[in-house]
Amino acid sequence: MQVSNTNNVKVYNLSSGKSLPDWLSDRKRRALQNSDSELKNRIELIQDFEFPIVSNCVRVSEDGQHIVAAGIYKPKVRCYDVSQLSMKFERGLDAEVVKLHILSEDYSKIVFMQCDRYVEFHTRFGVHHRLRIPRVGRDLAYHDPTCDLFFVGTSPEIYRYNLDQGRFLRPFTTKALAMNCCDINPAHHLLAAGTVEGKVLCWDPRVRGQVGELDCALSSITGVTEIQKVPAVTAIKFKDGLHFAVGTSTGQILLYDIRSDKPVLVKDHRYQFPIKSIDYKPDMDLILSADKKGLKMWDERTGKPFVTIEPEANINDVCVVPNSGLILMANETPKMSIYFTPSLGPAPKWCSFLDNLTEELEENPQSDVYDDYKFVTKPELDNLGLSHLVGSSLLRAYMHGYFMDIRLYHRAKSIADPFAYENYRKNLIQKKIEEARSNRVKKIKKLPKVNAALALKLQDEEEIQKTAKSKKPKTTASGLLKDDRFAALFENPDFQVDEESEEFRVAKPLISKHQKKVEQELASANQEQDEVEMEGRASSDENSSSSEDDREWVEEMREQRRKIKQEKKVKELRGKMGELVEKYGGLENDGRSSSVAQTGVKQKREQKLSRKSFGERISNRGEKKKVPESDSPVVNESTFHLKMDPKKQRQNEKDRLHHQERKKLRRSAGALSKRKFKP
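Report follows, based on the coordinates. Starting afresh in each chain, residues are numbered from 1 along the sequence in its written order. Totals for whole chains, interfaces and linings use every residue, but because this is a predicted model, local features are given only for residues with pLDDT of at least 70 and side-chain atom pairs only at 80 or more, for both listing and counting. As a rule here, side-chain values come from all non-hydrogen atoms in the structure, and water together with hydrogens is ignored.

## Overview of the overall build of the chain
Numbering of helices and strands starts at the N terminus; helices are DSSP runs of H or I of at least 4 residues and strands are runs of E of at least 2. When helices and strands are counted, the chain shows 13 helices and 34 strands. Relative accessible area decides the class of each residue, using a 1.4 Å probe on protein chains only: under 20% of the type maximum gives buried, over 50% gives exposed, and in between gives partly exposed. A total of 679 residues make up the chain; the buried ones form 35% of that total. Note on contacts: a residue pair is in contact if any heavy atoms of the two residues lie within 4.5 Å. Residue pairs in contact within the chain that sit at least 24 positions apart in sequence constitute 43% of those at least 6 positions apart. Carbon and sulfur atoms form 50% of the exposed surface of the chain, whose accessible area is close to 45200 Å². Here the open area of atoms and residues is found with the Shrake-Rupley method and a 1.4 Å probe, where only the protein chains shown may cover a residue.

Okay, structure coming up:
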């Protein structure tokens with residue numbers, strides 16, 4: 001029996017282990033069971049719980065005393081009596097079973113839907129009746145109040161067969177191309193059918209009409225989902241009168257409330273395989289959804305995974321034994337799978353010994369086969385000095401490494417690294433000490449309102465000095481907080497340190513250098529002094545490190561001074577620009593608007609001006625500048641003249657007089673007449 005522990009939930013595989021062929025004699029069978037340890041230790045919960053090749057579907061009767069399963073090859077059905085833990089009967093069929101449904105409380109009335117469009121009704125003695133539906137069926141559902149049997153398949157119609165009258169009734173006609181599944185609500189008997197277009201059609205058997213339509217295809221598409229075609233509905237399961245679940249062909253489960261057309265929760269299997277079955281566990285608020293890859297159990301409200309069961313073969317059908325933790329699976333192997341999960345519920349009455357068995361296994365855990373072996377990679381093998389054993393029986397190649405005996409590994413490890421255990425022990429003790437420290441109650445530091453950063457820094461220095469193993473006398477910085485002479489430093493707002501001031505920014509590199517030096521001294525005080533190292537060499541190292549520190553803080557001070565100068569220049573330029581705006585703020589107005597431009601245009605102009613230098617902005621003072629038009633519907637246009645430099649004015653005056661003299665001396669050519677020729 002295999003045991004898996006996922007998410008702290010144990011799952012017992014009761015169908016694991018060897019199986020004996022049917023053609024063996026009883027004597028040979030007993031001899032093998034006595035000699036083979038695996039056969040001796042295996043658990044065969046139900047005798048002959050298998051099929052020759054594949055099992056298609058499995059169901060448990062309402063009274064919980066019989067299990068009905070169908071499989072191939074040849075197509076057959078088997079009924080098991082759980083009170084005897086063995087097979088009750090076996091019957092051959094003409095075609096493979098697609099779905100089966102138990103109509104009665106026991107095995108006396110069973111209906112089988114086959115792949116050749118035939119539907120067979122079986123009773124205790126055998127086949128009772130056999131009929132054929134118009135199209136290939138995919139699922140069926142039984143309406144108990146009206147004795148109607150509904151069939152859905154590769155047809156837009158839902159076929160109805162009344163078992164009381166023994167005849168077909170008028171089918172329910174839909175607009176769908178085909179339907180994959182159907183289910184009936186146990187509270188108000190609403191019929192729901194899932195279509196290949198990703199819709200759920202709801203019919204009321206009382207009025208024989210469609211009462212609702214739900215589009216699940218769009219709701220199942222999320223940002224993570226990769227979809228190549230429209231998701232089809234492959235599974236439907238009702239929980240009660242209001243809630244139901246829908247499974248799609250792309251591996252999503254959508255939880256709905258019938259009062260809303262939007263899903264309450266969308267859960268993705270991440271396998272892109274169609275959902276085969278959905279079941280509810282109401283007492284634990286769990287949902288069991290299965291595709292061909294595995295069975296997932298997750299929380300109905302949050303979608304948090306509970307446990308996952310992934311068998312070796314693909315799953316065809318899943319059946320959960322009511323009020324228990326036993327799960328039956330029909331899969332693509334001859335042997336049907338049986339899983340027991342104690343966290344879901346107790347074992348059924350007919351196999352109550354499973355509870356005692358699992359308790360004994362928990363008390364006496366069995367070591368896994370790999371507990372006696374150690375997996376090592378090729379580099380680890382080289383470090384251990386055992387690379388010469390490659391190819392021998394002491395190393396078993398597996399994937400990118402080797403399996404070796406754990407005793408050989410420990411012996412080689414102790415030789416290659418004799419202090420490995422001591423280092424491991426020290427690290428383990430250090431981890432425990434850190435965990436104990438983290439659990440202690442931390443002291444809340446009370447900081448003043450004024451110079452809180454300085455007070456916090458002094459408190460930290462005081463704590464470090466207390467823990468440091470230094471013989472040097474403690475500095476007086478730790479007593480500033482307790483000294484009454486410096487009380488005003490942390491109470492009066494006038495003593496607040498302005499970190500944006502020029503003096504603080506210039507002295508900041510020196511402060512950080514001093515802080516680093518204090519931290520290095522405290523760290524070196526906690527370490528043991530190395531007596532072997534020479535004094536001369538230590539002093540040279542200290543001098544070199546101190547010179548490097550000096551260079552660093554000098555460069556930092558230069559950088560701070562450079563930044564301060566740049567900020568001063570920017571402030572001066574802004575002040576000059578403000579003066580110019582105040583001086584020439586009186587703009588000539590045409591009477592159309594009092595403002596120069598709208599706020600947005602003004603901001604754009606200021607941004608453009610800020611990119612130019614101050615000399616470029618005042619170089620064209622003599623030119624007449626025009627304010628650009630704004631984008632607003634009101635036209636705002638103004639002009640202004642800047643005052644010229646006196647030297648420039650004198651030069652312009654000289655140029656004007658010179659041009660006038662040149663005009664007087666120049667002969668005019670206006671008196672000359674041009675000859676006009678006739679065309």
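Still more ground to cover, so stick around.
## Some remarks on the nonpolar core
Residues belong to a common nonpolar core when they are buried Ala, Val, Leu, Ile, Met, Phe, Trp, Tyr or Cys residues joined through side-chain atoms within 4.5 Å. Of all hydrophobic cores here, the largest spans 24 residues; its most connected members are L14, L45, F49, I67, L326, L328 and L354. Of all elements in the fold, only β3 (54–60), β4 (66–72), β28 (326–331) and β29 (337–340) reach the threshold of two or more residues within this core. Excluding anything up to four places from it in sequence, L45 contacts L14, L85, L326, I338, W350, C351, F353 and L354. Core analysis: the next-biggest nonpolar cluster, separate from the first, contains 17 residues, L295, M297, I309 and M329 among them.

## Looking at the pairing of β4
Most of β4 sits out of view: seven of its seven residues are buried. Judged by which residues are buried, β4 turns out to be covered on both faces: H66, V68, A70 and I72 on one side and I67, A69 and G71 on the other are all buried. For two strands to pair, DSSP has to find at least two bridges joining them. The sheet contact formed by β3 and β4 spans six bridges and is antiparallel. Bridge pairing in β4 places V58 opposite A69. Linkage of β3 to β4, two consecutive antiparallel strands, is achieved through a turn of five residues, within which G64 is found at a positive phi near 75°. Bridge count between β4 and strand β5 (residues 76–81): six bridges; the pairing is antiparallel. Along β5, the bridge assignment pairs H66 with D81. The hairpin formed by β4 and β5 contains three residues between the paired strands.

## Topic: the side chain of S337
Here S337 is to be found in strand β29. Within the structure, the side chain of S337 is placed 2.6 Å from the side chain of N331, a separation counted as a polar contact. When near neighbours in sequence (up to four residues on either side) are disregarded, S337 contacts S15, I327, L328, M329 and N331. The definition of a polar contact used here is a pair of N or O atoms within 3.5 Å, where within protein one atom must be able to donate a hydrogen and the other to accept one, and adjacent residues in sequence count solely through side-chain atom pairs.

## A short note on the packing of aromatic side chains
Pairing of aromatic rings covers Phe, Tyr and Trp, the last through its six-membered ring, and needs centres within 6.5 Å; plane angles under 30 degrees mean stacked, over 60 mean edge-to-face, and all others mean tilted. Overall, the coordinates contain 10 aromatic pairs when judged by the stated rule. Judged by centre distance (5.3 Å) and plane angle (40°), the ring pair of F238 and F244 falls under tilted. Pair check on accessibility: F238 and F244 agree, each one buried. By the ring-pair criterion, three or more aromatic residues cluster together here, those being F121, Y161 and F168. The rule for a charge over a ring is simple: NZ of Lys or CZ of Arg within 6 Å of the ring centre, and within 35 degrees of the ring normal. The ring of F51 carries the charged tip of R78 above its face, separated from the ring centre by 5.2 Å. In this structure, R124 packs its charged tip against the face of Y107, placed 5.3 Å from the ring centre.

## Some remarks on the pattern of salt bridges
Pairing of side chains with opposite charge becomes possible as their charged atoms draw close. The rule for a salt bridge is simple: a side-chain nitrogen of Lys or Arg has to be within 4 Å of a carboxyl oxygen of Asp or Glu. Throughout the structure, instances matching the rule amount to 17 salt bridges. A salt bridge links E300 to K239, with the shortest nitrogen-to-oxygen separation between them at 3.0 Å. Of the two residues, E300 is situated in the loop between β25 (295–299) and β26 (305–309) and K239 in the loop between β19 (233–238) and β20 (243–248); the sequence distance between them amounts to 61 residues. On the basis of relative accessible area, K239 is assigned to the partly exposed category, the value being 26%. Where R259 meets D257, a salt bridge forms, and the shortest distance between an N and an O atom there is 2.8 Å. In this structure R259 comes out as exposed when scored by relative accessible area, which is 64%. Overlapping salt bridges, with partners in common, bring together D94, D116, E120 and R130 in one network.

## Structural notes on the sheet that holds β4
Taking strand neighbours across the sheet as the criterion, the four strands line up as β3-β4-β5-β6 in an open arrangement whose pairing is antiparallel. Edge positions in the sheet fall to β3 and β6 (86–92), since each of these pairs with one other strand and no more. Within this sheet the neighbouring strands show an average axis-to-axis angle of 20°, counted without direction. Orientation is described by axes fitted as lines to C-alpha atoms, over the contacting stretch for helices, and by angles from 0 to 180 degrees between their N-to-C directions.

## Things to note about a nonpolar patch on the surface
Surface patches are drawn from residues lacking salt bridges whose relative accessible area is over 30%; two like charges belong together within 9 Å, two nonpolar side chains (Val, Leu, Ile, Met, Phe, Trp, Tyr) within 5 Å. On the surface, Y421, Y424 and L428 cluster together into a nonpolar patch covering about 360 Å² of accessible area. Tracing the sequence through the fold places Y424 in helix α7 (residues 420–438). Judged by its relative accessible area of 51%, Y424 is exposed.

## Side note on the environment of T146
Here T146 shows up in the loop between β11 (137–143) and β12 (148–153). Expressed as a C-alpha distance, the spacing of T146 and N162, which sit 16 residues apart in the sequence, is 7.6 Å. A polar atom in the side chain of T146 sits 2.5 Å from the side chain of H143.

## Regarding the sheet that holds strand β7 (residues 97–102)
Spatial ordering of the open sheet is given by β7-β8-β9-β10, a layout of four strands whose pairing is antiparallel. This sheet does not close on itself; its edge strands, each paired only once, are β7 and β10 (127–132). Strand-to-strand, the axes of this sheet are offset by a mean angle of 15°, without reference to chain direction. Looking at chain direction, strand β9 (residues 118–122) and β10 are connected through five bridges and run antiparallel. Across the sheet, V119 pairs through a bridge with L131, a residue of β10.

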